[in-house]
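Understanding the architecture of this molecule
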Amino acid sequence: MALVVAAAVTAPLLGRLGRPVHAWAAPLFGHVLPHAGPGTPAAVLVAAVVVRWGPALAGRLPWSRLLAAGWLAAVAWTVALALVDGWHRGVTGRLTTRFEYLSEVPGVTDVPAMLRGFTGRILDGSAEAWTTHVSGHPPGALLVFVGLDRLGLAGGGWAAVLCVLAGCSAVVSIAVTLRALGDEASARAALPFLVLFPGAVWVGVSADGLFAGAAAAALALLAVDLSRPAPWVVVAGGAGLGACLYLSYGLILLALPAVAVAVARWRRCRLLVWAAVGAAVPVVAMTVLGFDWWQGYELVRQRYYQGLASARPYPYWIWANLAALALSAGPAAAAILRRAVVAARSARTAPVLLCLGAAAAIVAADLSGLSKAEVERIWLPFAVWLPAGAALLPAADRRGWLCLQAGTALLVNHLVLTAW
């Protein structure tokens, strides 16, 4: 709370001193605009139901039914939060602005040619430069929406549905990961926290929600694969992680949570060679098709500082980013992380390792200087793993922490008109 208040107070002070932070609702990206909408009563209802009955149901429902219920509850929570801003402004219109992916979809008529010429359109000022979000990501992100369009599911509505459904699947993937690593009790304890994840404000609707779901699925596949003896199965997990590299350059930091999964299954670490083989498959395929990931990354670093990032002060954002994370991950994340650090000295359990792996990725992203503001959505693929350690909280306190998580999301969504 102190971090969030400090970031909010410091931002306007820096503006008066001639060093604006270029975020009107700092530490969040959006506008301070108290409002309510059709999703308000639904969001309050979903939060109340999960807080009241979620922990008990998570403890006793059969596993498959629990996963289905968790995913449906997360979808209900995310959609309700999005509808606080209204159907068009909160859902169907989010991905249709001139900065987003859908604005470039009609121009992709030849996918191989697009891949071969992709890097030539990254820098601002180049001929037919890509729009902001397309230029800032590998072509895999754009290809997802092109594929959706080719299936006849064009427009912002279907894109929003995909992002929400995929983003909410992280609830299932993280629970499956914990169980695959031998800790079903922790998976059950974490599920209500995963459902009421405050970052759902940005899962609905942003492409980063889609990235979070894909990344969680890849890590879950790796965890499940490492619990089996067949090397070819581990190849599939590695291929999933490799494919994530073509959704967002920042997902290269999934290597750190992946190491956490491997440490939790250290007796099977020899199988990681096969995971590396799997990761190489999409890399080789995309390189052969004409897209050079490293060249794209270097050009994106230049493009990033061609825009607003060059004016955003690093000394402010290196710690204000963590304030944005505190709002996205929720106050329970602070308590979970503290307990994970303490527990790591004696017990390297799955919840501890997964939390610390995600935290390490966040620290690396923060120090990189390529995440100045907007991290409440950009870091979703890592922040969503922090509730995996909910079992570290005392059982008697968990309902109270759930209330704080839900309250944070509701407060942010009703006070700030977010850009996503």
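Now for a look at the structure at hand. These numbers were taken from a predicted model, which means no experiment stands behind them. Along each chain, the written sequence defines residue order, and numbers are assigned to residues from 1. Only residues with pLDDT of at least 70 get local features here, since the model is predicted, and only at 80 or more are side-chain atom pairs given and counted; chain-wide, interface and lining totals rely on the full set of residues. Hydrogens and water molecules were not included; the side-chain quantities draw on all heavy atoms of the structure.

Remarks on the packing of aromatic side chains
Applicable threshold: Between 30 and 60 degrees the pair is tilted, below 30 it is stacked and above 60 it is edge-to-face, where a pair is any two Phe, Tyr or Trp rings, Trp via its six-membered ring, whose centres lie within 6.5 Å. Counting from the N terminus, the helices are the DSSP runs of H or I reaching at least four residues and the strands are the DSSP runs of E reaching at least two. For every residue, the accessible area (1.4 Å probe, protein chains only) is compared with the maximum for its type, and the residue is labelled buried under 20%, exposed over 50%, or partly exposed between those bounds. Lysine and arginine charges are scored as sitting over a ring when NZ or CZ, respectively, is within 6 Å of the ring centre and within 35 degrees of the ring normal.
By the definition in use, this model includes 14 aromatic pairs. Taken together, a centroid distance of 6.1 Å and an interplanar angle of 70° make the contact between Tyr246 and Phe291 edge-to-face. Placement of Tyr246 in the loop between helix H12 (231-244) and helix H13 (255-264) and of Phe291 in the loop between helix H14 (272-288) and helix H15 (293-304) is noted, with a sequence separation of 45 residues between them. The pair Tyr246 / Phe291 is uniform in exposure class, with both members buried. Ring pairs connect the aromatic residues Phe118, Trp130, Tyr246 and Phe291, which therefore count as one cluster. Lying across the ring of Trp130, Arg121 places its NZ or CZ 3.6 Å from the centre. Taking NZ or CZ as reference, Arg377 lies 4.0 Å from the ring centre of Trp420, over its face.

Concerning a nonpolar patch on the surface
Definition in use: The patches reported here contain residues having more than 30% relative accessible area and no salt bridge. Joining distances are 9 Å for like charges and 5 Å for nonpolar side chains (Val, Leu, Ile, Met, Phe, Trp, Tyr). For the accessible areas, the method is Shrake-Rupley and the probe is 1.4 Å, while residue cover comes only from the protein chains on display. The salt bridge definition used is simple: a Lys or Arg side-chain nitrogen within 4 Å of an Asp or Glu carboxyl oxygen.
Judged by side-chain polarity, Leu45, Val49, Trp53 and Leu57 come together as a nonpolar surface patch covering roughly 370 Å² of accessible area. Counting through the fold element by element, Val49 comes out in helix H2 (residues 39-60). Judged by its relative accessible area of 37%, Val49 is partly exposed.

Focus: the side chain of Ser206
Applied cut-off: We call two residues in contact whenever any of their non-hydrogen atoms come within 4.5 Å of each other.
Position of Ser206 among the secondary structure elements: in the loop between helix H10 (200-203) and helix H11 (207-226). Given the relative accessible area of 1%, Ser206 is considered buried. Apart from the residues within four sequence positions on either side, Ser206 is in contact with Leu95, Cys163, Arg377, Leu380 and Trp420.

Some remarks on the environment of Val283
Following the sequence through the fold, Val283 ends up in helix H14. The exposure class of Val283 is partly exposed, given its relative accessible area of 29%. Spatially, the C-alpha atoms of Val283 and Leu219 are 17 Å apart, while their sequence positions differ by 64 residues. Aside from chain neighbours lying at most four places away, what touches Val283 is Leu245 and Tyr246.

Digging into the pattern of salt bridges
A full pass over the atoms with the stated rule returns 7 salt bridges. Between Asp149 and Arg150 there is a salt bridge; the shortest N-O distance is 2.8 Å. The class for Asp149 is partly exposed, based on a relative accessible area of 28%.

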